[in-house]
Amino acid sequence: MHCVANRMILEANNIEKAYMSGEQKIPVLMGVDFKIAAGEFVSIQGESGSGKTTLLNILAGLEKCDSGSISWESKQIDSLSLDELAKRRRSFLGMVFQSYYLVPELNALDNVLLAARIAQNGISERIKNKTLFLLEKVGLLDRQKQMPNTLSGGERQRIAIARALVTEPSLVLADEPTGNLDEHTGNRVMDLLSSLCSELDTALILVTHNKSHAELAKSKIYLERGKACSEK
Amino acid sequence: MPWYVIIALRHLFPEGRWFSLFTFISVIGTTLGVALLHIVIAVFNGFGYEIRGRIAESFGDLRVENRSILYDYEEYSEKLLADDRVKAVAPYAHGMVMAQRGNLPVFPAIQGIDLVQEEEVVPIAKYLQVGALDDLDDDSIFLSSGIASRLGAYVGVEIELYTPLLLEKLKQDEILLPRQVRVAGIFHTGWNDLDENTVLCTLRLMQDLYGLEEGVHGLKVRLHEGEDEMAAAEDFNELFERRVNVFTWMDSNNAFLSVLQFEKRMMFFLLSFIVLVASFSIISPLLIAVVRKTREIGLFASMGATSSQIAACFCLQAVFLGLVGVLSGFGLGAIALRFRDQIITFFATVTGAGDSIHDVYPFSFLPSHVQVSDMLVIGLLALIVSFLAGIIPALKAGKMKPVDALRSE
């Protein structure tokens, strides 16, 4: 559980989720409550299989929970269809994945612009400038024409971070963004992600196994046996 | 440009490469299907075009008849020539005769023509294989190549002509002897109906043989190039207040032309199945692409793409593949048509078929005629089939749950 005095941008109440394995029902989340305010940084930790990614997907509206309710910027999203959710997701959140998920056929610049194209169905001059600004921030302005397969893992993840932020979302969800990187590169990427979110006043939810990265967050949540324990 | 169009194009034509192997494999089926359809239909058109050309050339654009004898044909002729569309008019009389050489009889159609006027309408001189136009007089005839062959006749031999007038005279207890005529030439038009069974003579001789006096059976009309025969026929029918029947070469050969058209349509119908089969070369790689790009689909969803946009991305790929297939198919078809004679010669040499085309068809080449309307139909058909082929992969992509897509290995 977590709460701060700032404007809440995401609230999840009593989230429950279970998966079926044959006839057997395996509970993953059992009554998780979660809140995050604008510009806040929250980390989620837990053992493998504790439901961190499931919680992240539910918060992102990519997966439905069995019970409980979720609100984005005070608007309930439970009853929305997948397409309605998709449209709201465009401007509300950005996501960073462990495996980067860059489109291999697009160069670095176009990968960043892709998020804006999906969100706005076109590219304005402001978005172009924003993209170049972010590429400069992640230190890859001079490599904007490079294809993903010519970039290192750290560089790809920095492109993914720029892509998550280009639509100026209220919230970034990062699912183990340093999981595929060595410690040094991981630390650089994590510093970059947290500082950029802080600079742009974007809230950040970080799912990680890395304790030092989790420590960067103002608030920390630990998932254990389907329940959330908060640490301050 | 919408993002799904960009992604669809990038999947097919990755940056830095003209073509991906996936695109090549997907396109090749449609290319071959469209090329084959294009070539076959163009050759069919070519045959039809050549045959129609030869019919129109030897028949005249229009004919004027009244199902009886036209005695005032010069009056009609003047009225026709007064029209700007009309280039020339020639009178004719026609009927059946028995032609006999020795004890060998044949029953050809006979046509009496005014040579000077006829030359303006039908290029008789061009058709003459043996003999000269000037050799035709009231005591001689031109034989079609088929009749000459059956009678074993050649220029200079004498032939007896028996006409229905002989029977009429017999009824009146009069005996009219068969007319002895000389073969002055042998012609070949390339139009089978004429070449197999026709005799040409002067109009004067025909009027004698049939007892027409100064009458004729009709007028052949040649229009200036590019004039619409159907419209002209309609106008002249109104002008002559239906006292005579003005009809086009198409009206007269309607059954034959319908068969040509039917053959073309059947060939189109049968060959369109090739395009249908070719669509499988789009479906299979696209289905594989959907599986290959599963996590990318999850990524698009996580960025706010709707299921219909994701479906459109894959469906568009099928349409783009179809478009490339259509263009390359037409290109390949055009190359094959350009070098068709060399290709035919090559195959004839390899298979030992020799000049079999020349034996069967009255052409010394493989005709081809490309019609834009046919190309539009072929292109549209291939695009529709490609679009339909893209629906299954597109639905599969669109229905994918984002979270399952992201989790896929």
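As the structure is a prediction and not an experimental result, all values here were calculated from the model.

Caption draft 1: Layout of the overall build of chain A. The secondary structure content of chain A amounts to 7 helices and 10 strands. Taking 17 Å as the expected radius of gyration for a compact globule of 232 residues, we find that chain A reaches 17 Å, a close match to that expectation. Accessible surface computed for chain A: about 10000 Å², of which carbon and sulfur atoms make up 45%. Considering chain A, the positive charge centre built from 28 side chains and the negative charge centre built from 29 side chains are found 4 Å apart.

Caption draft 2: Structural view of the overall build of chain B. Scanning chain B from terminus to terminus reveals 19 helices and 12 strands. In terms of C-alpha radius of gyration, chain B reaches 32 Å, well past the compact-globule figure of 22 Å for 409 residues. For chain B, the spread of C-alpha atoms along the three principal axes comes to 105 × 55 × 35 Å. Taking as baseline every contact in chain B between residues at least 6 positions apart, the subset at least 24 positions apart corresponds to 81%. Split by element, the accessible area of chain B, about 19900 Å² in all, is 61% carbon and sulfur. On chain B, the mean spot of the 32 positive side-chain charges and the mean spot of the 48 negative ones are 16 Å from each other.

Caption draft 3: Spatial organisation of the interface of chain A and chain B. Taken residue by residue, the interface counts 29 residues in chain A and 25 residues in chain B. Between chain A and chain B, a total of about 2400 Å² is buried, with carbon and sulfur atoms accounting for 61% of that surface. There are 1 salt bridge connecting chain A and chain B. Lys 293 of chain B is paired through a salt bridge with Glu 105 of chain A; the nearest N and O atoms lie 2.4 Å apart. Applying the counting criterion to the chain A and chain B interface returns 7 residue pairs in polar contact (both at pLDDT 80 or more). Elements that contribute at least two residues to the side of chain A that touches chain B include exactly helix H1 (52–59), helix H2 (82–92), strand E6 (93–96) and helix H3 (108–120) of chain A. In terms of residue class, the side of chain A that touches chain B is made up of 14 nonpolar, 5 polar and 10 charged.

Caption draft 4: A look at a nonpolar patch on the surface. Residues and elements named next belong to chain B. Judged by side-chain polarity, Trp 18, Phe 19, Leu 21, Phe 24, Ile 25, Ile 28, Leu 32 and Leu 332 come together as a nonpolar surface patch covering roughly 870 Å² of accessible area. Among the elements that take part in the nonpolar patch, helix H2 (residues 21–59) stands out by supplying 5 residues, more than any other. The class for Phe 19 is partly exposed, based on a relative accessible area of 35%.

Caption draft 5: Main features of the side chain of Thr 30 of chain B. Residues and elements named next belong to chain B. Topologically, Thr 30 is positioned in helix H2. Given a relative accessible area of 3%, Thr 30 falls into the buried group. Residue contacts for Thr 30: discarding those within four places in its chain leaves Ala 278, Ser 281, Ile 282, Gly 322, Gly 325, Val 326 and Ala 382.

Caption draft 6: Up close: the pattern of salt bridges. Summed over the entire model, instances satisfying the criterion amount to 25 salt bridges over all chains. Across the pair Arg 126 of chain A and Glu 168 of chain A runs a salt bridge whose closest N-O atoms are separated by 3.0 Å. With Arg 126 of chain A in helix H4 (residues 125–137) and Glu 168 of chain A in the loop between helix H5 (153–165) and strand E7 (171–175), this pair connects stretches of sequence that are 42 residues apart. When its relative accessible area of 49% is taken as the criterion, Arg 126 of chain A is described as partly exposed. Arg 85 of chain B serves as the salt-bridge partner of Asp 83 of chain B, at 3.1 Å between the closest nitrogen and oxygen. Of the residues examined, Arg 85 of chain B reaches a relative accessible area of 18% and is grouped as buried. What emerges from the salt-bridge pattern is a single network uniting Asp 139, Arg 179, Arg 204, Asp 208 and Glu 214 of chain B.

Caption draft 7: Here's a closer look at helix H18 (residues 372–398) of chain B. Along its 27 residues, H18 of chain B runs 37 Å from first to last C-alpha, staying within 8% of the 39 Å computed at 1.5 Å per residue. Elements in contact with the buried residues of H18 of chain B: H2, helix H12 (254–278), helix H13 (280–292), helix H14 (294–302) and helix H15 (307–338) of chain B.

Caption draft 8: Main features of the domain arrangement of chain B. The domain architecture assigned to chain B consists of domain 1 (3–52 + 258–407) and domain 2 (62–226). Each of domain 1 of chain B and domain 2 of chain B has a C-alpha centre, and the two are 53 Å apart.

Caption draft 9: Region of the structure containing the packing of aromatic side chains. Residue and element names in this part refer to chain B. Under the defined criterion, the tally for this structure stands at 9 aromatic pairs over all chains. Geometrically, the ring pair formed by Trp 3 and Phe 300 is tilted, given 5.0 Å between the ring centres and 55° between the ring planes. Taken together, the positions of Trp 3 in helix H1 (residues 3–12) and Phe 300 in helix H14 put the pair 297 residues apart, joining distant regions of the chain. Trp 3 sits in the buried class, given a relative accessible area of 0%. Relative accessible area serves as the criterion here: at 0%, Phe 300 is assigned to the buried category. With a centroid separation of 6.4 Å and 20° between ring planes, the pair formed by Phe 236 and Phe 240 is classed as stacked. Three or more aromatic residues link up through ring pairs in this structure, and these residues are Trp 3, Tyr 4 and Phe 300. Lying across the ring of Phe 59, Arg 63 places its NZ or CZ 3.9 Å from the centre. Its end group placed over the ring of Phe 236, Arg 85 keeps NZ or CZ at 5.5 Å from the ring centre.

Caption draft 10: Quick look at the packing of H3 of chain A against H4 of chain A. Residues and elements named next belong to chain A. Direction vectors running N to C along H3 and H4 enclose 140°, while the axes themselves pass 10 Å from each other. Classified by the angle between their axes, H3 and H4 sit oblique to one another. In terms of crossing hand, the pair formed by H3 and H4 is right-handed. Counted together, Leu 109, Val 112, Leu 113, Ala 116 and Gln 120 of H3 and Ile 127, Thr 131, Leu 132 and Leu 135 of H4 form the full contact between these two elements.

What counts as what
- Residues numbered from 1 in each chain as written.
- Chains lettered and ligands numbered in written order.
- Predicted model: local features only at pLDDT ≥ 70, side-chain atom pairs only at ≥ 80, totals over all residues.
- Heavy atoms only, no water.
- Helix = DSSP H or I, 4+ residues; strand = E, 2+ residues; numbered from the N terminus.
- Rg over C-alpha atoms; globule rule 2.2 N^0.38 Å.
- Areas by Shrake-Rupley, 256 points an atom, 1.4 Å probe, with all protein chains shown as cover.
- Lys, Arg positive; Asp, Glu negative; His and termini not counted.
- Charge placed at Lys NZ, Arg CZ, Asp CG, Glu CD.
- Contact = heavy atoms within 4.5 Å.
- Buried area = accessible area lost by both parts, 1.4 Å probe.
- Salt bridge = Lys/Arg side-chain N within 4 Å of Asp/Glu carboxyl O.
- Polar contact = N/O pair within 3.5 Å; in protein donor to acceptor, adjacent residues only side chain to side chain.
- Nonpolar A, V, L, I, M, F, W, Y, C, P; charged D, E, K, R; others polar.
- Patch = residues over 30% accessible without salt bridge, like charges linked within 9 Å, V, L, I, M, F, W, Y side chains within 5 Å.
- Buried < 20%, exposed > 50% of the residue type's maximum accessible area, 1.4 Å probe, protein only.
- Expected span 1.5 Å × (residues − 1).
- Domains from an automatic or database assignment.
- Phe/Tyr/Trp six-rings, centres within 6.5 Å; stacked < 30°, edge-to-face > 60°.
- Lys NZ or Arg CZ within 6 Å of the ring centre and 35° of its normal.
- Axes fitted to C-alpha atoms, helices over the stretch in contact; angles between N-to-C directions.
- Parallel < 35°, antiparallel > 145°, perpendicular 65-115°, else oblique.
- Left-handed = near helix turned anticlockwise from the far one by under 90°.

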